[in-house]
Amino acid sequence: MLLSKQICKKLLLSAAVCFLSFSDGVPVSAQQVHIIPKPAEMQVKDGFFRVNKSTVVVLPDKLPSSELLHEMMEHAVAGSKGGTLKIARHDVKKNAIRFVLDKTNPDKATESYSLEVDGKGVTVTSGSDKGLFYGAQTLLQLMSKDGIAFASIKDEPRFPYRGYHLDVSRNFFPKEFIIKMLDWMAFYKLNTFHWHLTDGAGWRIEIDAYPKLTSDAAFRPIADWKTWWDGDRKFVPEGTPGAYGGYYTKKEVREVVAYAASKHITVIPEIEMPGHSEEVFVAYPELSCSGIPYKNSDFCIGNDSTFTFVEQVLTEVMELFPSRLIHIGGDEASKKAWGECPKCQQRMKNEGLSDLDELQSYMIRRVEKFLNSKGRRLVGWDEIIEGGLAPEATVMSWRGVEGGIKAAKDGHDVIMTPGNYMYFDFYQADPKTQPAAIGGFTPVKQVYSYNPMPAELNETEGKHILGVQANTWTEYMPNADHVEYMVFPRLLALAEVAWTPQELRTWADFKPRMNSHVNLLKKGGVNAFTLSDDIEITMAVDTLNRQIKVMFDAEKYPAEIRYTTDGSMPTTASAIYKDTILVKDSAWIKAAIFRNGVMQGTPSEKKVDYHKGINRPIHYNSKLYKGYMAGGMNALLDGYRGGLTYLDGRWQGYLNDLDCVVDMGEKTDLHKVSVRFMQLTGPGVFQPGEVSLLTSEDGVNFTLQQTIKTVVPKEESNLTFQEYTFQGNWKGRFVRLQASEVNNGFIFADEIVIW
């Protein structure tokens, strides 16, 4: 199955012209080609091979991708010049674009290739169809209006699994959009599409044995997921006027799978179990513990009909998907109903299971045994570890990296997909400037910074790390344009993380290439985020010299950054950032990008204080939450301010009140004490009800100096900060801060500043 004509023209013709310049029009020479992902070995030379009417495309006989490779060259090279390229099956040494299948290479599954461009032409060589296909993607990125840059490239991927996941349950996307995403995945050498087909918001795949899954559980009365989810979550029958939703017919699934295969992409289906299955029980309530629709979210593991259902569904799924891996979810099961269900309790007794985790493991193991009998292997989210991991299961580590490390040490294959780096439903820029998202903050630089190979693993254990995957959950993405906005250009960072050797990857090198590719994406019809105008302000606390080093960075390249240190608005007369800024006391930094004398966006700002409290001893009278310790016990006195997410390692979180005492070491003149809290209600982070300052000379008897109440309503759902600042003239050795948790959620603080 070939590239759709419309997408092909957009993708390939734009590829031929897009690499001419950076986003700001800076000329690009042959030494500055912008290939993503960066090849393992590359030498670019002066000069270009110029295609003319006599140029021939040489293709091997019986190569599955021959027609596609020719079409790619035709559109990218000849199409833009108004001519055609002839195909030759015999070898042509001059004025040719040659695709050579290396028959001496016994590894027909290899994804490696070599690419040579000189005055005679282009030669792409590989031992496999896949390798030639990936060489062609690189060749497209060498093209310019001057020709194809002279280059010598030897390339292969770092990881065999390079994946992208899309949730189509919360919001449904048509087959045509899936095809478009597959095109761009292939262009950036990703090779696995994880299709999240079922979840509590809708069943999205036709199953002959259970037709009510799509007739009764694929449509809802309103389009907006959040309104529906916060309401009664009721489904409506297929055909209901005004209903929102949909599903893929078996014919459509086969078309997608075949199309993906033509691009050397494996499609892995996900059928959720035992949790996230509310929609199943609307259609077939007898599979839940209560037998009542809209009451349970987990399958009844004590019910034999559950396993009949699962096996019949998976049998039909496996007929459609030839992938070796079949994803069964396994995450976030509530397990509550199992503890009260007579059938589940009897199952535990019969099988000698000691707790509900082991009951879940029983189901996972049983399903795995069924899949293994069909020649397939089970893959699931890292919760499948709980209660004992199924013998041959593959783990997707999403709750950080710990689950993946444990699984690899135990001899299981692992795909790394930690939320803090690889969730594309998180904000990618300051939430004030972005459409609604589920929370978090994962800019493209953070995606790029991820190394999927944990340092904790030895060489043998590391072989179980199959690769890396990014996930797009679509609660807040109502249409295809919004998905593209959230995915691109972060997908480019994923591609390089997955393909390029770790030692060759640097943000400074990737940034200009990424900026160039944003133009390519836009010309190719992708609604890509055009990168943030925000300035990343980072700090390094230097306790030896009692100062804080401040550095700036920007996603856009090139970027003229101007800044102030007194809290005033930057202008064209403000200092241009060239090197590290040193702060020995306090600074209120504001910085912005300027282009042609005009400030872009709004200034980024950060208060920086090398204050009296840095590294002083701190004692907590309240209980700390181990999951959000940030920099450890001294996180509130390390000099570092937090950023836009509570996951950045600078924000310390508490499920209860905060009550802490700082020991200044001696009686001290105190004039100003401040502490900052954040609010983001989506994940349950709220401002404290109030914050109080107390002082003491002996650490026993404290005097209340002042109490400040929050000014942020608990209903405020946008990311919001409040700094509680106490000013006065006090003397004391001990400084005590108390913050009250009043919303049954988290409170997060980043730094106590003492002057």
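Rules used in this analysis
Residues numbered from 1 in each chain as written. Predicted model: local features only at pLDDT ≥ 70, side-chain atom pairs only at ≥ 80, totals over all residues. Heavy atoms only, no water. Helix = DSSP H or I, 4+ residues; strand = E, 2+ residues; numbered from the N terminus. Contact = heavy atoms within 4.5 Å. Lys, Arg positive; Asp, Glu negative; His and termini not counted. Charge placed at Lys NZ, Arg CZ, Asp CG, Glu CD. Pairing = 2+ DSSP bridges. Axes fitted to C-alpha atoms, helices over the stretch in contact; angles between N-to-C directions. Buried < 20%, exposed > 50% of the residue type's maximum accessible area, 1.4 Å probe, protein only. Polar contact = N/O pair within 3.5 Å; in protein donor to acceptor, adjacent residues only side chain to side chain. Salt bridge = Lys/Arg side-chain N within 4 Å of Asp/Glu carboxyl O. Parallel < 35°, antiparallel > 145°, perpendicular 65-115°, else oblique. Left-handed = near helix turned anticlockwise from the far one by under 90°. Nonpolar A, V, L, I, M, F, W, Y, C, P; charged D, E, K, R; others polar. pLDDT = per-residue confidence, 0-100. Arc of directions from axis to C-beta.

Re the overall build of the protein chain
(1) Moving on: If you tally the helices and strands in the protein chain, you get 19 helices and 34 strands.
(2) Moving on: In terms of overall dimensions, the protein chain has a C-alpha envelope of 90 × 75 × 55 Å along the principal axes.
(3) Moving on: A separation of at least 24 residues holds for 71% of the contacts in the protein chain among residues at least 6 apart in sequence.
(4) Moving on: Put simply, the protein chain has 85 plus and 94 minus side-chain charges, and the middle of one group is 5 Å from the middle of the other.

Examining the sheet that holds strand β25 (residues 581-583)
(1) Moving on: Strand order in the open sheet formed by three strands is β21-β22-β25, with antiparallel pairing between adjacent strands. Because the sheet does not close on itself, it has two edges, and the strands there are β21 (535-542) and β25. Going from strand to strand, the sheet's axes swing by 30° on average, the running direction of each strand aside.
(2) Moving on: As judged from the eight bridges shared by β21 and strand β22 (residues 547-554), these two strands associate in the antiparallel manner. Residue D542 lies in a different strand from β22, and its bridge partner there is Q547.

Considerations on the environment of T645
(1) Moving on: If you trace the backbone, T645 turns up in the loop between β28 (618-620) and β29 (652-654).
(2) Moving on: Note on T645: relative accessible area 3%, which makes it buried.
(3) Moving on: Residue contacts for T645: discarding those within four places in its chain leaves G440, F441, W651 and M678.
(4) Moving on: Of note is the side chain of T645, whose polar atom sits 3.1 Å from the backbone nitrogen of L647.

Description of the pattern of salt bridges
(1) Moving on: Scanning the entire structure with this criterion turns up 38 salt bridges.
(2) Moving on: The residue K93 makes a salt bridge to D91 at a minimum N-O spacing of 2.9 Å.
(3) Moving on: Residue K93 is classed as exposed on the basis of its relative accessible area of 57%.
(4) Moving on: Classification of D91 as partly exposed rests on a relative accessible area of 41%.
(5) Moving on: Put simply, K335, D357, D382, E386 and R399 are held in one network by salt bridges that share partners.

Digging into the sheet that holds strand β9 (residues 161-167)
Two pairing modes exist for strands in a sheet, parallel and antiparallel, and in both the strands are linked by backbone hydrogen bonds.
(1) Moving on: Spatial strand order, β9-β10-β15-β16-β17-β18-β19-β20: eight strands in a closed barrel with parallel pairing. Averaged over all neighbouring strand pairs, the angle between strand axes comes to 30°, with direction disregarded.
(2) Moving on: Alignment of strand β17 (residues 377-381) against strand β18 (residues 394-397), held across three bridges, turns out to be parallel. Each residue of the ladder has a partner; that of V379, found in β18, is T394.
(3) Moving on: Packed onto the sheet, helix α9 (residues 304-320) meets β15 (266-273) and β16 (325-329) and runs at close to 165° relative to β15.

Focus: the packing of α9 against helix α12 (residues 356-373)
Each pair of packed helices can be summarised by the angle the axes make with each other and by the distance between the axes.
(1) Moving on: The N-to-C vectors of α9 and α12 enclose an angle of 40°; their axes lie 11 Å apart at closest approach. Between α9 and α12, the crossing angle belongs to the class labelled oblique. α12 is crossed by α9, and the crossing has right-handed handedness. Contacts between α9 and α12 involve D304, T306, F307, V310, E311, L314, T315 and M318 on the former and, on the latter, Y362, M363, R366, V367, F370 and L371.
(2) Moving on: Each residue belonging to the contact of α9 with α12 can be placed in one class, and the counts come to nine nonpolar, two polar and three charged.

As for the confidence of the model for the protein chain
(1) Moving on: Per-residue confidence for the protein chain averages 93 on the pLDDT scale, and 95% of its residues sit at or above 70.
(2) Moving on: Per-residue pLDDT stays below 50 along residues 1-30; that stretch engages in 92 contacts with residues further than four places along the chain or on separate chains.

Points about helix α13 (residues 402-409)
(1) Moving on: Taken residue by residue, α13 has G403, G404, I405, A407 and A408 as its buried positions.
(2) Moving on: The secondary structure elements touched by the buried residues of α13 are β18, β19 (414-416), α16 (459-462) and β20 (465-472).
(3) Moving on: Looking one or two places after α13, you find G411, whose phi comes out positive at around 90°.

Considering helix α11 (residues 342-351)
(1) Moving on: For α11, the complete set of buried residues consists of C344, R347 and M348. Each buried residue of α11 sits inside an arc of 100° when the element is viewed along its axis, so together they form one side. Exposed and facing more than 90 degrees away from the buried side of α11 are P342, K349 and N350.
(2) Moving on: Along its buried surface, α11 packs onto α9, α10 (336-340) and α12.

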